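# Understanding the architecture of this molecule
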Amino acid sequence: MKMNSLIKVISLSLVIMLIFGLVGCSSSKPEPAKNETGGEEETKPEATITSMSIGTASVGGALYAFGGGFVNVWNSLGISASAEVTGGSVHNCNLIQSGEIGSALISQGAAYQSWTGTGLFDGQEPNKELRAALPLHPSFIHGWTLDKNINSYADLEGKIVCGGPAGGTSDEYNKEILDILGVKVNKFVNTAFADAPNNLRDGMVDVFVSSMGVPASAVEECAATLGAKIIGVSDEEADKVIAKVPFYAKMAIPANTYSGQTEPINTIADVNVYMFDKDIPEDVVYNFVKASFEQIDVLTAAFAGAKDMTLENVRTIALPLHPGAYKYYKEMGVEVPEAAMPID
């Protein structure tokens, strides 16, 4: 009996060891997924976003005001956000490319040139980090002055001109436009648009020129307190510029956009887009795009031009969408243009 009992104990021990051995040989991680070629797909770790920097532009400009509205949208999602003062769209493209910010408000013209490494970004590596998300407002090329003899861009010949901060989109765009038109100014100076009232009043600058959404607070302050005149780009001038820079479109600043401006002002404009770094997680972008459309009243309270952020205007986007944005537009039945189809 003792021998039989011993054999049973030994047998039971062997079975138990075998069971634990098999369990120990199995992996707690799922096997890597196979791609179409039979190789292993790369497993991307989940990322948690707790904060978001939004590149805008100079204080007093439309992008800065709009960025403040988007801070509220991010906060509603439980994500801390900040509207960063930058040199504008050109600077914002570079900041996303270098990984210094996760998102920015960028004129599509600047984004396109950054994407292709042309124009204002000639000689730089094409910026393939950019992904589009929201169609925003048009940035109108317009200026404001106290000089009654300035009525169009051709009249800036021999004048002291300010295009805002050095290297910003307004500065670069307006220098390019004046070069195309063959207009030689006395000199360019650079300062924040918020300094416009004092500079115009003191005669330090003859005219400020910009590429901004309307109404821009810096322009309105000058129009309301100094009686500044708003100028645009004539049809003839527009034809010359568009022949060289095709992302512009002829548009008009509606009458009564600014104090004392009783007639529409013909000019050219460039559409702005909310852009992301391509590495921002899909679900984060999806939730943000969805919340932005649901909170259009919050955005309009921060910047009146937010009314142009519509599903219909997704058709104006000419760069690849972030997958998160594309997912939302697909759910909403929006027809996405070929140029905006995601590549990730």
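## Details of the overall build of the protein
- Check the secondary structure of the protein and you find 11 helices and 10 strands.
- Relative to its full complement of 344 residues, the protein shows a buried share of 46%.
- Within the protein, residue pairs in contact and separated by at least 24 positions form 73% of the contacts whose partners lie at least 6 positions apart.
- Carbon and sulfur atoms form 53% of the exposed surface of the protein, whose accessible area is close to 16,900 Å².

## Concerning the pattern of salt bridges
- Going through the model one piece at a time under the given rule, you end up with six salt bridges.
- When the shortest N-O distance is used, the salt bridge between Arg-131 and Asp-344 registers 2.6 Å. Taken as a pair, Arg-131 in strand E4 (residues 130-145) and Asp-344 in the segment after helix H11 (323-331) lie far apart in primary sequence, 213 residues in all.
- Ionic pairing is found between Lys-250 and Asp-239, a salt bridge with its closest N-O pair at 2.8 Å. Of this pair, Lys-250 sits in strand E9 (residues 249-253) while Asp-239 sits in helix H8 (residues 235-244), placing them 11 residues apart in sequence.

## A few points about the layout of surface pockets
- By volume, the second largest pocket amounts to about 210 Å³.
- In terms of lining, the second largest pocket is formed by 15 residues, of which the most central are Gln-108, Gly-109, Tyr-112, Pro-246 and Phe-247.
- Of all elements in the fold, only helix H4 (108-116) and strand E10 (265-277) reach the threshold of two or more residues within the lining of the second largest pocket.
- Here the element with the most residues in the lining of the second largest pocket is H4; it accounts for four residues.
- A class-by-class count of the residues in the lining of the second largest pocket yields eight nonpolar, four polar and three charged.

## Quick word on the packing of helix H3 (residues 89-97) against H4
- The contact between H3 and H4 brings their axes to 9 Å, and the two run at 40°. In terms of orientation, H3 and H4 fall into the oblique class. Seen along the crossing, H3 lies across H4 with a hand that is right-handed. Packed against H3, whose contacting residues are Ser-89, Val-90 and Cys-93, the element H4 presents Ala-110, Ala-111 and Ser-114 at the interface.
- When its residues are assigned to classes, the contact of H3 with H4 shows four nonpolar, two polar and no charged.

## Examining empty space enclosed by the protein
- All chains considered together, the criterion is met by one cavity of 30 Å³ or more.
- If you trace the largest cavity, you find 19 residues lining it, with Ala-57, Gly-88, Ser-170, Phe-193 and Ser-211 closest to the centre.
- Elements supplying a minimum of two residues to the lining of the largest cavity: helix H2 (62-76), helix H5 (169-181) and strand E7 (207-212).
- Counted by class, the lining of the largest cavity contains six nonpolar, 13 polar and no charged residues.

## Examining unusual backbone geometry
- With an omega of 0°, the peptide bond running from Val-214 to Pro-215 counts as cis.
- For Pro-215, the location among the structural elements is in the loop between E7 and helix H7 (217-226).
- One non-glycine residue with positive phi stands out, namely Asn-256, at about 70°.
- Note that Asn-256 resides in the loop between E9 and E10.

## Quick look at the pairing of strand E1 (residues 51-55)
- Pairing between E1 and strand E2 (residues 80-84): five bridges, direction parallel. In the strand pairing of E2, Met-52 is matched with Ala-81.
- Crossover E1 to E2 through H2 is right-handed.
- In the sheet, E1 pairs with strand E3 (residues 103-107) via two bridges, with the strands oriented parallel. Paired with Ile-54 across the strands is Ser-103, a residue of E3.

## A closer look at the packing of aromatic side chains
- Taken as a whole and judged by the stated rule, the model has 17 aromatic pairs.
- Here the aromatic rings of Phe-70 and Tyr-274 are separated by 4.9 Å at their centres, their planes lie at 75°, and the arrangement is edge-to-face. Here Phe-70, found in helix H2, pairs with Tyr-274, found in strand E10; they are 204 residues apart in sequence, far enough to count as distant. Neither residue differs from the other here; Phe-70 and Tyr-274 are each classed as buried.
- Measuring from ring centre to ring centre gives 6.4 Å for Phe-193 and Phe-208, while their planes differ by 55°; the resulting arrangement is tilted. Highlighted residues: Phe-193 in the loop between strand E6 (187-189) and helix H6 (196-201) and Phe-208 in strand E7, separated in sequence by 15 residues.
- For Phe-193, a relative accessible area of 4% puts it in the buried group.
- Phe-208 sits in the buried class, given a relative accessible area of 0%.
- Ring pairing ties together the aromatic residues Phe-66, Phe-70, Trp-74, Tyr-274, Phe-276, Phe-288 and Phe-303, which thus form one cluster.
- Positioned above the aromatic ring of Phe-188 is the side chain of Lys-175, whose terminal nitrogen or guanidinium carbon lies 5.2 Å from the ring centre.
- The side chain of Lys-327 reaches across the aromatic face of Tyr-286, ending 4.8 Å from its centre.

Basis of the calculations
- Residues numbered from 1 in each chain as written.
- Predicted model: local features only at pLDDT ≥ 70, side-chain atom pairs only at ≥ 80, totals over all residues.
- Heavy atoms only, no water.
- Helix = DSSP H or I, 4+ residues; strand = E, 2+ residues; numbered from the N terminus.
- Buried < 20%, exposed > 50% of the residue type's maximum accessible area, 1.4 Å probe, protein only.
- Contact = heavy atoms within 4.5 Å.
- Areas by Shrake-Rupley, 256 points an atom, 1.4 Å probe, with all protein chains shown as cover.
- Salt bridge = Lys/Arg side-chain N within 4 Å of Asp/Glu carboxyl O.
- 1 Å grid on protein atoms, 1.4 Å probe; cavity = no way out; pocket = protein on both sides within 12 Å on 5 of 7 lines; lining within 4 Å.
- Points joined across faces, edges and corners; volume = space filled by probe spheres on them.
- Nonpolar A, V, L, I, M, F, W, Y, C, P; charged D, E, K, R; others polar.
- Axes fitted to C-alpha atoms, helices over the stretch in contact; angles between N-to-C directions.
- Parallel < 35°, antiparallel > 145°, perpendicular 65-115°, else oblique.
- Left-handed = near helix turned anticlockwise from the far one by under 90°.
- Pairing = 2+ DSSP bridges.
- Right-handed = clockwise from strand over helix to strand, strands pointing away.
- Phe/Tyr/Trp six-rings, centres within 6.5 Å; stacked < 30°, edge-to-face > 60°.
- Lys NZ or Arg CZ within 6 Å of the ring centre and 35° of its normal.

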